[in-house]
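Structure at a glance
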Amino acid sequence: MCGIVGFVGNKKAAPVLLDGLERLEYRGYDSAGISVIENGKFKIEKTVERIKNLKDITNNGEDITGTIGIGHTRWATHGAPSFENAHPHISANGKITVVHNGIIENYMDIKSELIADGFKFVSETDTEVIAHLIQKYYNGDMFDAIKKAVDRLEGSYALGIISLDKPDTLFAVRHFSPLIVGLGPDGNYIGSDVTALIKYTKNAVYIEDGEIAVLTADSAKFYNKDGKEIKKEVSVINWSIDAAEKGGYDHFMMKEIMEEPEALRKTIEPRIKNGEIYFEGLKLSKDKIKHIKRIVITACGSAYHTGICAKYMFEELLRIPVDVDLASEFRYRNPIIDNESLVIIISQSGETADTLAALKEAKARGAHILSIVNVVGSSIAKASDDVIYTWAGPEIAVATTKGYTTQLAVLYMFGIYAAKIKESADNKLLGELVSELSNLNKKVEEVLELKPKLSDLAKKFCQEQQVFFIGRNMDYATAMEGSLKLKEISYIGSEAYAAGELKHGTISLIEPGRLVVALNCYEDLSDKLMSNIKEVVSRGAFVLATAFTGNEEIKKYANEVIYLPKVHPLLLSAVEIIPLQIFAYYISLHKGCDIDKPRNLAKSVTVE
Ligand code: F6R
């Protein structure tokens, strides 16, 4: 999704903007641009290629001397990726430039009005109306003009604005799109997320909906939606710059896979005390947990898949119904929520627009909102009654890996914690699960050693057109995520099927040589899965199976087996997904795909 950066200070702005934009590249984009005030004029550079192109044409930004500027990576929504549609957009009189992340829903009405006023439009974007609207309202006071303009906007926006009439001031506004201000020793910064800022400062101010930031080289003032100055808390970012860099790996995705054991350790270890799960500062009372009659989990994409894994686990341990809903569907179908329901929201970025909207819907219906989030201070974290953080550190690759496994870890811990309070599961089982959880990182470490084997297998299959993932119960939940990982980064068509469903249609797609990844670690249903493997093998499929070490039987039927260390079935997905992430990575690598930034995808999906 679009990313915005901005800087005002005592050094050249362009190198800072380009560096920030490069760090936001992971969010996904198709064009980019910067605008810097230099000698009383705007210096605007745009590209429909990579940020590197902007760096090349500006000598890494060094050729532009101005010390105030804004920058943008665009993920097209209104109008194709093109030079004209790339931000920054400039007002008709050439005096104001604007970058925008979000969607202005009423832009057509405003555009008609501005055209009637004589404004000429050069782009197809919704953003251009903002630049003209600020010009229309400008009467010598930029703050007042911005305030009047944003009061007219409906939809979502984070804006960075600079003007030639106030060349020492960077304005920023937020409404439903993420925006952070960084306070540095040599100037002040804005960014869509902390990765754009952490190289320069760790002091961040999280801007809330409706607020306006007014920044100069040595001052930062904040105003609420009524235009009244407010004091804002300065938070210290606890991510290091190394965590947001590749650190010797060719791709962020592999770096993040290799970080999974440590991310799991950091997420789990502090929450186990004397053999029991403990969540610091949880507002959800034990009494409330005791009386919960239903859990609703809502999320998107991979985060939704962790919800499916949790459903299997929670229903087993808590013996209450658990519904898992795609956040993009949840709010459009009159969901049944009451005060005996607990709503769990899952999001790595904490900024996914659909998930945030589902949260608001559930909150409006009176539910207690417990979120599982990776990014501290993100919109979802702030809007929730309770947050349990996944301490995974920054996740840059578009395809989530450590985000996924740490979300699972938190869900596992919450399941055990709630079962203990509800007294709905055997204490011995809960104790075993806690002890397995504390070893989960070591098991994942073991699985990482399968990299060479998985790379060889991937070489063999990287030209496939279509792959099937099958499994039952927890293996089925994992199959969904394995299949998503493969298709999103390798562009190979892939489907996940509950193995028992094959006969209801899909088996007609099996033909000689078709790769079927059969997940076979859920041992209670291993015999049944084995029958499904036989069905596809007899139709010519090539079966790559997973199994726990020691399962010799599977070798009789599967063409290749990935052996994994044994883990409790309720905690299975956190271990079994690792080889599937690695397999997807190598397939994509051998195919020559852009692993970290797959086409058309964005890391942080901040539009609906
Ligand atoms: C897939 C992937 C996405 C995200 C989804 C939700 O690899 O990363 O499916 O899981 O867009 O994102 P968050 O967790 O940030 O809400």
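Here, residues in each chain are numbered from 1, in the same order as that chain's written sequence. Local features in this predicted model are restricted to residues of pLDDT 70 or higher, and side-chain atom pairs are both shown and tallied only at a pLDDT of 80 or more, whereas totals for entire chains, interfaces and linings draw on every residue. Think of the side-chain values as coming from all heavy atoms in the structure, minus any hydrogens and water.

Re the sheet that holds strand β22 (residues 386-389)
Applied cut-off: A pair of strands counts as paired when DSSP detects no fewer than two bridges linking them. By the criteria applied, helices consist of DSSP H or I runs no shorter than four residues and strands consist of E runs no shorter than two, each listed in order from the N terminus. A fitted line through C-alpha atoms serves as each axis, taken over the contacting stretch for helices, and the angle formed by two N-to-C directions is quoted from 0 to 180°. Note on contacts: a residue pair is in contact if any heavy atoms of the two residues lie within 4.5 Å.
Taken in spatial order, the 5 strands line up as β19-β18-β20-β21-β22 in an open sheet, and their pairing is parallel. Each having just a single partner strand, β19 (322-326) and β22 make up the two edges of the open sheet. The average undirected angle you get between the axes of adjacent strands in this sheet is 20°. Bridging between strand β18 (residues 294-299) and strand β20 (residues 341-347) involves 5 bridges; their strand directions are parallel. Bridging across to β20, Arg294 finds its partner in Ser341. Along the sheet, helix α13 (residues 402-422) makes contact with β20, β21 (368-373) and β22, crossing β20 at roughly 160°.

Section: the site of the ligand
Keep this limit in mind: Throughout, near means a residue has at least one heavy atom within 4 Å of the molecule or strand. Pairs of N or O atoms are called polar contacts if they sit within 3.5 Å, as long as, within protein, a hydrogen donor faces a hydrogen acceptor (for residues adjacent in sequence, only side-chain-to-side-chain pairs). For the accessible areas, the method is Shrake-Rupley and the probe is 1.4 Å, while residue cover comes only from the protein chains on display. With a 1 Å grid laid over protein atoms only, a set of points is called a cavity when a 1.4 Å probe fits there but cannot get out and a pocket when it is open yet has protein on both sides within 12 Å along at least five of seven lines; lining residues have an atom within 4 Å of a point. Criterion for pocket placement: a molecule counts as inside a cavity or pocket if more than half of its atoms are within 2 Å of its grid points. For this classification, the nonpolar set comprises Ala, Val, Leu, Ile, Met, Phe, Trp, Tyr, Cys and Pro, the charged set comprises Asp, Glu, Lys and Arg, and every other residue, Gly included, is treated as polar.
The full set close to the ligand counts 14 residues, and Ser347, Gln348, Ser349, Thr352 and Glu488 are the nearest of them. Here an oxygen atom of the ligand and a backbone polar atom of Thr400 are 3.0 Å apart. Between the ligand and Lys485 there is a distance of 2.9 Å, counted from an oxygen atom to a side-chain nitrogen or oxygen. When isolated, the ligand has an accessible area of 400 Å², and the protein chains bury 90% of it. In a pocket analysis with a 2 Å cut-off to the grid points, the ligand is assigned to the largest pocket. Counting only elements with at least two residues in the shell around the ligand, the list comes to α9 (301-318) and α17 (474-490). For the shell around the ligand, the leading source of residues is α9, giving 3 residues. Here the shell around the ligand is composed, by residue class, of 4 nonpolar, 8 polar and 2 charged.

Let's talk about the domain arrangement of the protein chain
The condition that has to hold: A domain assignment, automatic or from a database, supplies the domain bounds used here. The buried area of a pairing is the accessible area, by a 1.4 Å probe, that goes missing from both parts when the two are put together, added over both. In what follows, salt bridge is the name for a side-chain nitrogen of Lys or Arg lying within 4 Å of a carboxyl oxygen of Asp or Glu.
For the protein chain, the assigned domains read domain 1 (3-244), domain 2 (252-447) and domain 3 (451-591). Of the residues lining the interface, 13 residues belong to domain 1; the matching set on domain 2 comes to 16 residues. Summing both sides of the interface, domain 1 and domain 2 together bury roughly 1200 Å²; the carbon and sulfur share of this comes to 59%. Taken as a group, Tyr26, Tyr206 and Trp239 account for 45% of the area that domain 1 buries against domain 2, more than any other trio of residues on that side. Counting every contact that joins domain 1 to domain 2 gives 1 salt bridge.

Here we look at the layout of surface pockets
As a reminder of what qualifies: Grid points are joined across faces, edges and corners, and a volume is the space filled by probe spheres set on the points.
Size it by volume and the largest pocket reaches roughly 490 Å³. Along the walls of the largest pocket sit 26 residues, with Cys300, Gly301, Ser302, Lys603 and Val605 positioned nearest its centre. Broken down by secondary-structure element, the contributors of at least two residues to the lining of the largest pocket are α9, β20, α11 (353-364) and α17. Of the residues assigned to the lining of the largest pocket, the class counts are 11 nonpolar, 10 polar and 5 charged. Looking at which domains feed residues into the lining of the largest pocket, each of domain 2 (252-447) and domain 3 (451-591) supplies at least three.

Regarding the packing of α13 against helix α19 (residues 573-591)
What counts here: When describing relative orientation, an angle under 35 degrees is termed roughly parallel and one over 145 degrees roughly antiparallel, while 65 to 115 degrees is termed roughly perpendicular and anything else oblique.
Where α13 contacts α19, the two axes come as close as 10 Å, and the packing angle between them is 170°. One element, α13, and the other, α19, form an angle in the roughly antiparallel class. Mapping the contact onto sequence places Tyr404, Thr405, Leu408 and Tyr412 in α13 and Ser573, Ala574, Ile577, Ile578 and Gln581 in α19. Its residues assigned to classes, the contact of α13 with α19 shows 6 nonpolar, 3 polar and no charged.

Section: unusual backbone geometry
Residues His87 and Pro88 are joined by a peptide bond in cis, for which omega reads 0°. Within the secondary structure, Pro88 sits in the loop between β4 (68-74) and β5 (89-90). For Asn473, which is not glycine, the phi torsion reads 55° and is therefore positive. Checked against the element boundaries, Asn473 lands in the loop between β23 (466-471) and α17.

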